[in-house]
Amino acid sequence: MTTRRVRARRGEGVLLREEILRAAEDLLAESGSEDALTLRAVAMRAGVSTPSVYMHFADKEALVEAVCLRVWGEFGRMFSENLGGDPFIALGKCGRAYARFALDHPVQYRVLMMRASTGPGVPPAAAECFRHMVNAVSACVETRVLEGDPEELALGLWSAVHGCVSLLIAQPSFPWPRDREALIDHIVRIAGFGTALYSRLPQKLPPSAELAVALDDFGARLVPDAGEPGV
């Protein structure tokens with residue numbers, strides 16, 4: 001049921017925009033798809049005319065992006081909460097938090113991170129994701145657990161986690177393991193340890209049998225003391 005909204009007085013434009021966004025957010029939550037966010041449907045839910053929506057959003061794409069960006073503050077908070085302490089362990093926690101956020105907000109993530117950009121430059125959501133990743137990686141470079149350019153390293157790690165969650169979102173019917181958290185942990189560890197090891201590898205590797213022995217020895221020496229946190 002919708003009610004016709006009383007015409008906004010001068011200076012109430014910000015309040016009207018917020019009401020439109022809340023109405024769109026409700027429709028998104030109910031439908032689970034951005035397809036439901038037509039300007040007419042949002043106008044009806046907010047109790048305003050369709051031209052009133054156009055006063056604040058040029059088209060449906062602008063409205064959908066604005067609605068999805070409303071959850072992005074939560075992404076930054078989740079990332080920041082996992083920083084601090086050992087930087088490599090923190091990086092792993094950030095990767096898991098990233099995946100958890102994407103899977104908890106699949107529609108928003110798909111809109112902001114899985115569609116081609118409609119405008120020039122880097123979209124705000126992607127820019128913020130990359131900034132958070134670079135900050136976490138930079139701390140690891142400072143302690144030398146990772147070696148290389150923080151931005152290049154962050155791109156590789158970001159690609160790994162993004163690829164995992166994008167497949168989970170885009171291919172829900174695939175026979176994924178029941179324990180989704182274990183899959184995410186697997187990908188995060190592969191990306192993190194692979195990045196740490198890659199910069200230290202010689203260009204010419206020994207035969208696979210010798211490499212396996214060396215890696216077994218390396219893994220055995222990495223077993224932490226009892227009570228120490230793992231990555």
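Values in this document were obtained by computation on a predicted structure and should not be read as measured data.

Basis of the calculations
Residues numbered from 1 in each chain as written. Predicted model: local features only at pLDDT ≥ 70, side-chain atom pairs only at ≥ 80, totals over all residues. Heavy atoms only, no water. Phe/Tyr/Trp six-rings, centres within 6.5 Å; stacked < 30°, edge-to-face > 60°. Buried < 20%, exposed > 50% of the residue type's maximum accessible area, 1.4 Å probe, protein only. Core = buried A, V, L, I, M, F, W, Y, C linked by side-chain atoms within 4.5 Å. Contact = heavy atoms within 4.5 Å. pLDDT = per-residue confidence, 0-100. Helix = DSSP H or I, 4+ residues; strand = E, 2+ residues; numbered from the N terminus. 1 Å grid on protein atoms, 1.4 Å probe; cavity = no way out; pocket = protein on both sides within 12 Å on 5 of 7 lines; lining within 4 Å. Points joined across faces, edges and corners; volume = space filled by probe spheres on them. Nonpolar A, V, L, I, M, F, W, Y, C, P; charged D, E, K, R; others polar. Salt bridge = Lys/Arg side-chain N within 4 Å of Asp/Glu carboxyl O.

### Looking at the packing of aromatic side chains
Move 1: A complete count under the given rule lists nine aromatic pairs for this structure.
Move 2: Between Phe174 and Trp176 the ring centres are 4.7 Å apart and the planes differ by 55 degrees, which places this aromatic pair in the tilted class.
Move 3: For Trp176, a relative accessible area of 25% puts it in the partly exposed group.
Move 4: Here the aromatic cluster, defined as three or more aromatic residues joined through ring pairs, consists of Trp72, Phe75, Phe79, Tyr98, Phe101 and Tyr109.

### Concerning unusual backbone geometry
Only a minority of non-glycine residues have a phi that is not negative, and only a minority of peptide bonds are not trans.
Move 1: Backbone geometry at Arg144 places phi at a positive 70 degrees, although glycine is not the residue there.
Move 2: For Arg144, a relative accessible area of 51% puts it in the exposed group.

### A few points about the nonpolar core
Move 1: Formed by 62 residues in total, the largest nonpolar core has its most connected members in Leu63, Trp72, Tyr98 and Met113.
Move 2: Beyond its immediate sequence surroundings of up to four residues, Met113 is in contact with Trp72, Tyr98, Ala125, Ala126, Cys129, Trp158 and His162.

### Some remarks on the confidence of the model for the chain
Move 1: The share of residues in the chain with pLDDT of 70 or more is 91%, and the mean pLDDT across the chain is 85.
Move 2: The weakest mean pLDDT in the chain belongs to helix H1 (residues 13-31) at 81; the strongest belongs to helix H9 (residues 150-170) at 96.
Move 3: Below a pLDDT of 50 lies the segment residues 1-6, which in the model reaches eleven contacts outside its immediate sequence neighbourhood of four places, other chains included.

### Here we look at empty space enclosed by the protein
Move 1: As enumerated under the stated definition, the model contains one cavity of 30 Å³ or more in all.
Move 2: The wall of the largest cavity is formed by twelve residues, among which Leu91, Gly92, Leu157, Val188 and Gly192 lie closest to the centre.
Move 3: Secondary structure elements with two or more residues in the lining of the largest cavity: helix H6 (87-104), H9 and helix H10 (180-198).
Move 4: Among the residues forming the lining of the largest cavity, the class breakdown is eight nonpolar, three polar and one charged.

### Remarks on the pattern of salt bridges
Move 1: Within this structure, the stated rule accounts for eleven salt bridges.
Move 2: For Glu25, the salt bridge identified is with Arg70, shortest N-O distance 3.4 Å. Placement of the pair is Glu25 in helix H1 and Arg70 in the loop between helix H4 (60-69) and helix H5 (72-81), with a sequence separation of 45 residues.
Move 3: On the basis of relative accessibility, which here comes to 26%, the residue Glu25 falls in the partly exposed class.
Move 4: On the accessibility criterion, Arg70 (30% relative accessible area) is partly exposed.
Move 5: The closest approach of N and O atoms between Arg144 and Glu147, which form a salt bridge, is 2.2 Å.
Move 6: Classification of Glu147 by relative accessible area gives partly exposed; the value is 24%.
Move 7: Here the residues in one salt-bridge network are Glu18, Arg22, Glu25 and Arg70, joined through shared partners.

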